[in-house]
Structure formats: structure tokens, C-alpha cells
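Structural overview for review
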Amino acid sequence: MPEGHTLHRLARRHTRLLGGRRVTVNSPQGRFADGAAAVDGMTFGRADAWGKHLVHRYRDGRREQLIHIHLGLYGAFTEAPVPMDDPVGQVRLRIESDEIGIDLRGPTACELYGPADLEALVARLGPDPLRRDAKPVDAWTAIRSSRRPIGALLMDQKVVAGVGNVYRAEVLFRAGIDPMRPGTIITRAEFDGLWADLVDLMRIGVRRGRIHVMRPDDDHGAPSYAPDRPRTYVYRRAGEACRICGTPVLIAELEARKLYWCPVCQT
């Protein structure tokens, strides 16, 4: 599932490509036909992201309509110049301006939203490190009052929005924090360091279009876990030597997700 930086990058790109342009919208697959018809012919205003959620804003005069999208495990956008070819596969949503077209396939959610729906969505999410209006104190309050492991809390979208398995594993390693430590014994200084690191790393992800977590002095040695991926400290490196101390990286399952950490560097 894409992590938060991907959705923010998509929001910026969609705003750049479509913002201020009148668009035609349809649902070749048919599953979003009524929703597409509701915004067809409107002007694309902008796209926003909260955690792993993307919202498209359409305007017709003073009237605004929203489309909420959650990519889930299989959702993906593709782009093509207009006129676009006939749809291939299950295209849930097609948006076309006078220059560019965007197709959406396989999302977990693609639905019309009103202002109240968006307000309810934002209310149930934790602060997003990539949003300037984020309130990290809300995440700190949730963490310090919970005995769940910090490794689980960072993945809970109600605590921090947008963090996925890669960022979770890597920021905890960079902070030297054992992912099994209960939230109640995370200090405020440790939380502040985690939050600041998430902000920095996720902003890099938005700029580069890929996760990059290695400090310059450590960016060498064993290759990445896949040919097209950047190096990581512990993520998907179970059994391999820690890049810092040489101890084998451990793997466990925590709340149905794989967890990676170094038992020596993380205490």
C-alpha cells in the first residue's frame, strides 16, 4: 500500500496537471458512473492529501464537489495525452482535460464526498507529518496514554496519518528505539525526534518520488532489498547484518504486519 508521501506527491501532480481546467469525467468500468456524472464538465480545482487519502476538488461557480480516493493495495493512476485510447482493464475513473488524461484503476475507495464527509474523515485521522496544519501533540497524547508497542502505534492511522511499514521500521531504527516498547515509556524527547525525522524523510519522499532513509555516511554496503528500491537499514533485511553493528536483523509479526529491527541498535 502506498505510504503518505505518495499521496501528497499525487495531489501536487494532479493539481499541476489539471488545476483550473474544465474536465470531462466518466467511469468506463461503470462502478462510479453516478459520481463521475456529478462532476463531469466542472473545473478541477485542486487535490489534497491527508495521510493515505486523496481528495479531488471540483468547482462550478461557487459550488464544490469532492471525490475521495483511497488506493489501497491495488489502486494506481496512469496518465496519457488526449485523445486517450480506449480504456484497458477496469478503469474506475477517467479524467480528461484539453491536454492530459488520468485513469484510476483498482482503488479501495472512489466516492463522492461532501464537506461533512471530509470533516469526518479528517477527524478520525491522526496528524499527518506532511501537512502544515498538523498538530503533533495529538499524536503524542495518543502514544503516551497507550501500552501498545510504539511499532504498532506509528502504523495506526488514528495516531499518525500516512506512515506505512517502511517509514515505521526505518524511523525507529534511526531513533534507536525498540519497536516493542510500549507507548507509555516513550519520552517526549524521543517522540519529538521521531516526528521531526518523519517530517524530514517524508518530505524527501515527496520530492524524489521514492523513499530514501539512509544517512550519507551509511549509504553504502549491502544492496537494497530489490533492484529498483533504495537501501534501507532494516526493512526487508531479516537475517542480514545490521549496517551499523553487524547483528542479524530480526523479523516478527506485529498486528498482522511484518516488523524489522536490530536488537542491539534499538533499545
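Residues numbered from 1 in each chain as written. Predicted model: local features only at pLDDT ≥ 70, side-chain atom pairs only at ≥ 80, totals over all residues. Heavy atoms only, no water.

As recorded in an unreviewed UniProt entry, the protein chain goes by the name DNA-(apurinic or apyrimidinic site) lyase, listed as coming from Gordonia bronchialis. Check the Cofactor (unreviewed entry) section of the UniProt entry for the protein chain; it says "Zn(2+)". UniProt lists a comment for the protein chain under the heading Catalytic activity (unreviewed entry), and it reads "2'-deoxyribonucleotide-(2'-deoxyribose 5'-phosphate)-2'-deoxyribonucleotide-DNA = a 3'-end 2'-deoxyribonucleotide-(2,3-dehydro-2,3-deoxyribose 5'-phosphate)-DNA + a 5'-end 5'-phospho-2'-deoxyribonucleoside-DNA + H(+)". (UniProt positions renumbered as here; feature names shortened; annotations may be inferred.)

**Comments concerning the overall build of the protein chain**
Check the secondary structure of the protein chain and you find 7 helices and 10 strands. Taken against the 2.2 N^0.38 rule, which gives 18 Å for 267 residues, the C-alpha radius of gyration of the protein chain at 20 Å falls within 12% of a compact globule. Based on the C-alpha atoms only, the size of the protein chain along its principal axes is roughly 60 × 40 × 30 Å. Going through the 267 residues of the protein chain one by one, you find that 51% of them count as buried. When contacts within the protein chain are restricted to residue pairs at least 6 apart in sequence, long-range pairs at least 24 apart make up 58% of them. Accessible surface computed for the protein chain: about 12800 Å², of which carbon and sulfur atoms make up 50%. Within the protein chain, the 33 negative side-chain charges are centred at a point lying 3 Å from the centre of the 40 positive side-chain charges. (Helix = DSSP H or I, 4+ residues; strand = E, 2+ residues; numbered from the N terminus. Rg over C-alpha atoms; globule rule 2.2 N^0.38 Å. Buried < 20%, exposed > 50% of the residue type's maximum accessible area, 1.4 Å probe, protein only. Contact = heavy atoms within 4.5 Å. Areas by Shrake-Rupley, 256 points an atom, 1.4 Å probe, with all protein chains shown as cover. Lys, Arg positive; Asp, Glu negative; His and termini not counted. Charge placed at Lys NZ, Arg CZ, Asp CG, Glu CD.)

**A look at the packing of helix H1 (residues 4–18) against helix H7 (residues 188–208)**
In the contact formed by H1 and H7, the axes pass within 8 Å of each other and the chain directions differ by 45 degrees. Comparing their axes, H7 and H1 come out oblique. Relative to H7, the crossing made by H1 is right-handed. Residues Gly-4, His-5, His-8, Arg-9 and Arg-12 of H1 form the contact with H7, whose participating residues are Met-202, Gly-205, Val-206, Arg-207 and Arg-208. (Axes fitted to C-alpha atoms, helices over the stretch in contact; angles between N-to-C directions. Parallel < 35°, antiparallel > 145°, perpendicular 65-115°, else oblique. Left-handed = near helix turned anticlockwise from the far one by under 90°.)

**Things to note about the nonpolar core**
If you look at the biggest cluster of nonpolar residues, it comprises 38 residues, and the most contacted ones within it are Ile-143, Ile-150, Val-160, Tyr-167, Phe-191 and Val-234. When residues of this core are traced back to their parent elements, those giving at least two are helix H4 (136–144), helix H5 (150–153), helix H6 (165–175) and H7. The dominant element in this core, judged by the number of residues it contributes, is H7, at 9 residues. The residues contacting Tyr-167, other than those within four sequence positions of it, are Glu-3, His-5, Leu-198, Leu-201, Met-202, Gly-205 and Ile-211. Counting residues in each nonpolar core, the second largest holds 26 residues, with Leu-18, Phe-44, Ile-102 and Cys-110 among its members. (Core = buried A, V, L, I, M, F, W, Y, C linked by side-chain atoms within 4.5 Å.)

**Concerning the UniProt feature "domain: FPG-type" (unreviewed entry) in the protein chain**
Per the UniProt record, "domain: FPG-type" (unreviewed entry) is found at residues 233–267. As a span, residues 233–267 carries 0% helix and 29% strand, and end to end its C-alpha atoms are 16 Å apart.

**Description of the packing of aromatic side chains**
Following the criterion strictly, the structure yields 6 aromatic pairs and no others. Measuring from ring centre to ring centre gives 5.4 Å for Tyr-235 and Tyr-260, while their planes differ by 75 degrees; the resulting arrangement is edge-to-face. With Tyr-235 in the loop between H7 and strand E9 (250–254) and Tyr-260 in strand E10 (residues 257–261), this residue pair connects regions lying 25 residues apart in the sequence. As far as burial versus exposure is concerned, Tyr-235 and Tyr-260 are alike and both buried. (Phe/Tyr/Trp six-rings, centres within 6.5 Å; stacked < 30°, edge-to-face > 60°.)

**Concerning the domain arrangement of the protein chain**
Considered domain by domain, the protein chain is made up of domain 1 (4–124) and domain 2 (136–261). Contacts between the two partners involve 8 residues from domain 1 and, on the opposite side, 15 residues from domain 2. Around 800 Å² of area is buried between domain 1 and domain 2 when both sides are counted, 60% of it from carbon and sulfur atoms. Sorting the residues of domain 1 by area buried against domain 2 places His-5, Arg-9 and Lys-52 first, and these three jointly supply 64% of that buried surface. The tally of links between domain 1 and domain 2 comes to 0 salt bridges. The tally of links between domain 1 and domain 2 comes to 3 residue pairs in polar contact (both at pLDDT 80 or more). Top contributing element to the side of domain 1 that touches domain 2 by residue count: H1, with 5 residues. (Domains from an automatic or database assignment. Buried area = accessible area lost by both parts, 1.4 Å probe. Salt bridge = Lys/Arg side-chain N within 4 Å of Asp/Glu carboxyl O. Polar contact = N/O pair within 3.5 Å; in protein donor to acceptor, adjacent residues only side chain to side chain.)

**Quick word on the sheet that holds strand E6 (residues 91–96)**
Sheet strands associate in pairs through backbone hydrogen bonding, adopting either a parallel or an antiparallel arrangement. Sheet architecture is open: 4 strands sit in the order E1-E6-E7-E5, paired in antiparallel fashion. Only two strands of the sheet have a single partner each, and these edge strands are strand E1 (24–26) and strand E5 (76–81). Adjacent strand axes in the sheet meet at a mean angle of 15 degrees, parallel and antiparallel pairs treated alike. One ladder, built from 3 bridges, connects E1 with E6; its direction is antiparallel. Across the sheet, residue Val-25 finds its bridge partner in E6, namely Ile-95. Set on the sheet, H1 makes contact with E5, E6 and strand E7 (100–105); between it and E7 the angle comes to about 145 degrees. (Pairing = 2+ DSSP bridges.)

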